[in-house]
Every structure is written in C-alpha cells, then in structure tokens.
Amino acid sequence: MCTWKGPKGFAMTSPAEPRPAGRANIVGVGLIGGSIGLALRDVGWHVNGTDLDPVRAAKALELGALDDIGTDLDADITFIATSVGAIAGAARTALAASGGAVTDVGSVKAPVIAEVNDPRFVGGHPMAGSEQEGVEGAQVDLFDGATWVLTPTLETDAEAYTTVRSVVRSLGAEVVALPPERHDALVALVSHVPHLVAANLMALASEGAEEHAAVLRLAAGGFRDMTRVAAGNPGIWLDICAENREAIVGALDRLLAVIGATRDMVDKSDRDGLLAALESARVGRSNLPDQVSHTGDLVEVRVPVPDRPGVLSEVTTLLGEMDVNIVDLEIAHSPEGGRGVVVFLVQATAGERVHEALTARRYRPSIRPLEQ
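Note that the structure is a prediction, hence the values are computed from the model and not measured. Within every chain, residues take consecutive numbers counted from 1 along the sequence as written. Under the rules for a predicted model, residues below a pLDDT of 70 receive no local features and side-chain atom pairs below 80 are neither given nor counted, while totals for whole chains, interfaces and linings still include all residues. Just so you know, side-chain values use all the structure's heavy atoms and leave hydrogens and water out.

Colleague: Explain the sheet that holds strand 9 (residues 147-151) to me, and be specific about the residues and the numbers.
Modeller: What makes two strands pair is DSSP finding at least two bridges between them. For helices the rule is a DSSP run of H or I covering at least 4 residues; for strands it is a run of E covering at least 2, with both sets numbered from the N terminus onward. Ordered by their spatial adjacency, 8 strands build an open sheet running 5-4-3-6-7-8-9-10, and the pairing between neighbours is mixed. On the outer flanks of this sheet lie strand 5 (68-69) and strand 10 (174-177), each paired with one strand and no other. Here strand 4 (residues 46-50) runs beside strand 5; their pairing, made up of 2 bridges, is parallel. When the bridges of strand 5 are listed, Gly 49 appears paired with Ile 69. Residues count as neighbours in contact if any of their non-hydrogen atoms are within 4.5 Å of one another. In this analysis, axes come from line fits to C-alpha atoms, helices being fitted only over the stretch in contact, and the angle between any two N-to-C directions falls in the range 0 to 180 degrees. Sheet strands touched by helix 5 (residues 158-170): strand 6 (77-80), strand 7 (101-104), strand 8 (121-126), strand 9 and strand 10. Its angle to strand 10, the strand with the most contacts, is close to 145°.

Colleague: Which residues make up the side chain of Asn 244, and what values do they have?
Modeller: Of note, Asn 244 is situated in the loop between helix 9 (236-243) and helix 10 (245-267). Buried residues are those whose accessible area, probed at 1.4 Å on protein chains only, stays under 20% of the maximum for their type, while exposed residues exceed 50% and partly exposed ones sit between those limits. What makes Asn 244 buried here is its relative accessible area of 4%. Dropping the residues within four chain positions of it, Asn 244 is found in contact with Val 108, Asp 184, Ala 188 and His 192.

Colleague: With reference to specific residues and values, describe the environment of Gly 320.
Modeller: Inspection of the secondary structure puts Gly 320 in helix 12 (residues 311-321). When the C-alpha atoms of Gly 320 and Leu 178 are compared, they prove to be 5.7 Å apart, with 142 residues separating the residues in sequence. Discounting residues that sit within four places of it in the chain, Gly 320 has contacts with Val 176, Ala 177 and Leu 178.

Colleague: Account for the environment of Ile 32, with residues named and values stated.
Modeller: Within the secondary structure, Ile 32 sits in helix 1 (residues 31-42). Spatially, the C-alpha atom of Ile 32 lies 7.8 Å from that of Val 105, the residues being 73 residues apart in sequence. The contacts of Ile 32, once residues within four sequence positions are left out, are Val 105, Pro 126, Ala 128, Gly 129, Leu 142 and Phe 143.

Colleague: Could you give an account of helix 12, with specific residues and numbers?
Modeller: Of all 11 residues in helix 12, 9 are buried; the element is thus mostly enclosed. Every buried residue of helix 12 is listed here: Val 311, Leu 312, Ser 313, Val 315, Thr 316, Thr 317, Leu 318, Leu 319 and Gly 320.

Colleague: Please give an account of helix 10 that cites residues and values.
Modeller: Multiplying 1.5 Å by the helix residue count minus one yields the expected span of that helix. Taking 1.5 Å per residue, 23 residues should reach 33 Å; helix 10 reaches 32 Å between its end C-alpha atoms and fits that length. Three or more residues of helix 10 are buried, namely Ile 248, Ala 251 and Met 265. The inward-facing, buried residues of helix 10 contact helix 6 (180-205), helix 9 and helix 11 (271-286). Positive phi shows up at Ser 269, right after helix 10, with a value of about 55°.

Colleague: I'd like to hear about the side chain of Thr 78, residue by residue, with values.
Modeller: Within the secondary structure, Thr 78 is located in strand 6. Beyond its immediate stretch of four places on either side in the chain, Thr 78 contacts Asn 25, Val 27, Ala 94, Ser 98, Ala 101, Val 102 and Thr 103.

Colleague: Could you give an account of the confidence of the model for the protein, with specific residues and numbers?
Modeller: The predicted structure's coordinates, where accompanied by low pLDDT, should not be read in detail. Summary statistics for the protein give a mean pLDDT of 86 and a share of 86% for residues scoring 70 or more. Across residues 1-17 the pLDDT falls below 50, and counting only partners more than four positions away or on other chains, this stretch makes 46 contacts in the model. Predictor confidence is given residue by residue as pLDDT, running from a minimum of 0 to a maximum of 100.

Colleague: Outline the packing of aromatic side chains, supporting the account with residue identities and numerical values.
Modeller: Two aromatic rings, drawn from Phe, Tyr or Trp (for Trp, its six-membered ring), form a pair once their centres lie within 6.5 Å of each other, and the interplanar angle then sorts them: stacked below 30 degrees, edge-to-face above 60, tilted otherwise. Within the structure shown, the criterion is met by 2 aromatic pairs. Ring geometry for Phe 143 versus Trp 148: centroids 5.0 Å apart, planes at 50°, classification tilted. Judged by its relative accessible area of 1%, Trp 148 falls in the buried class. Taken together through their ring pairs, the aromatic side chains of Phe 79, Phe 143 and Trp 148 make up a single cluster.

Colleague: Summarise the pattern of salt bridges; cite the residues concerned and give the values.
Modeller: Think of a salt bridge as a Lys or Arg side-chain nitrogen and an Asp or Glu carboxyl oxygen that are within 4 Å of each other. Taken as a whole and assessed by the stated rule, the structure comprises 13 salt bridges. Residue Arg 56 is joined to Asp 51 by a salt bridge in which the shortest nitrogen-to-oxygen separation is 3.1 Å. With a closest N to O distance of 3.5 Å, Asp 264 and Arg 263 form a salt bridge. Its relative accessible area of 53% is what places Arg 263 among the exposed residues. One network of salt bridges, with partners in common, ties together Glu 300, Arg 302 and Arg 368.

In structure tokens, the structure reads:
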C-alpha cells in the first residue's frame, strides 16, 4: 500500500509503516501525563509539558517525562491530562495555541466534548492506571496492551482523529472507538461504580476501631482484589461523579436492584436462585478478554465513503461496538473530490462480521487478505 493524501493534503502512511515521531504537548504531568511523556520520548518524540504546579513540572523534566517545560506552538498533538473539570478549558487553550490535534485522558467524555465543541478535539480515555499518585509513579510501559478509547463524533476532523489514533497506537495501546455517551455509560458500569463499591466495602470493613485491625488481618486475596482501586487518589472522583452523574446513578440503581435480589435469595435460602446467579457471574467473568490478540491473519477492508464529516466516526464506532479491533487505519481521498475510501485492517476471523455490519449500514465494503 502506498502513501495517500488525507484531509487537507495530510500525508497518511500505510498500515505497514509506523507514524514518524513528531512534537507533542502535555498539559498536566501527573501519573497519566507523565507516563504519556515517557512513552512518547521512548519512541522518539520531542515532548513539552506544563502543569499548574511548577514543582511537579520540574519533577517531570527531571524524571525524563519532558524535554522542555512550556508550550510548543508547533506541536502535532496535545494531550490534556488534567482533572475532568479542567479539561474543557485546557483544551480550548491548547486549540488556540497550535494547529495540531488535541485529545484528553479523562474518564468522562460527552459533557467535555460538548463544551469544547471543536473538530480538532478528539475525546480520549486510556483504560490504564496505578494506585501510585503523581509523576513519580509514571511508567513508560503503562499503556502497553491497554485499551484506549477514542470518541469521535460527526463533527470530528478526520485528520485529527487519524493523528490521535496513530500516536496512541505507537504507545502500545489498542484503540476502541465509541460514541461519547456510550463510553460514559459503559465506564460508569466498569470503572466508576466499581470504585465507589470498593470505597464503600473498605468503609464497611473499617467500621469500629476495635474491629478494624482484626478484620483487615482476615482480609484475603479476594477482598484485597475487590478493594484495590480504593487506594487511588480520592480527589479526582469528585469531578468524575459530577460530570457523569446520570450514568453513575443509573448504574448504581441497577446494582442496588441486583444486590436487593441477592439479599432476598440469601434471606429466603433460595439455593437454586443463588446458584443460578453465581453461575451466571462465573461464566461472565471467565469470558472477559485478557487483552486484544494480534495473532492470526489480517484482512484489508476498503469502504468507499462520501467525503463528508462524520463518516469516519460512523465506521470506527460501529466496529468499536462490535468489539472488533482495528489494527490500522488510513483514509484515501479521491483526486476528483467528493468521495474517498476508508482503509483498515482487522483480524481475518472478524472479516465476515464486519462486511455484514457495514453492508447493513448501506456501505459497500470489499475485503481481501493482507499481503505479507
């Protein structure tokens, strides 16, 4: 495959070629921002960074997460790694400072994207972290094998999306595209509510000074695993709960209903019902994927599309909802204008499902085995 000219003449490298290193800004150099800086510099990028705390910015420079302190006006991409409540303002400032793509790492997407409202802003959320806090806990390999959600919308600029996606993949992450509202609902269930549950379990176990030491001495691996996330920084959760309130409350209501049903089964000694519920949970847990696999053959999918805003979002979020990993992606624009082709690679085993799903959406995809 050759190099295509993407939107606005942007050169798109073929899926076989890595994205060349460039220049990046990081706003907020804590655990995630510092890890992004380390990972970018590890693959050859020049990284500038800023932080509200000048001591933390200096520490990031000392630890090798940054090349320089300050804003690079020629940056190809800017990562906003502030608290959720500060993302929109920081993103607008970054968009005004440079012509590159801007993305963030917050765990709430829909309200932030609506507030920023700029085609060059691509909402992002790496599903990675650590109980450690601050840039001192930053790790160069934090994103290896991690899922990194991107949330393009109908207004998202295709050049900005492909830039962010390519850079994120260069850090070792697997990209999943989801609509912003869908992301928020899912993350409320798999991240936000589990953290609140873990915090409440710890509060329950810690009740009573006399019981506290004995309870924690009896805490086995299961309890420690369930409450591990409660050791994280509590300050970030105030903004998260405020910004994603509706989805979190909805998930909590569903959890309360399930806990209520479980309570009734225990209270009534409903052995059959309890066994069925526990067996269903066991099966669901065993089906959780460890990580995305790259094994197996790949196929190239080519999808002719009209050259209009939103097409890339439609295609990528469709595959994200199907849990199909896009191994690589590019956009080929017709010299005549008005049309183009989205070209991406997926596992061969998913090829037929992808073809059927795109056809059902009135696209006309073609699939061929990737030439090795």
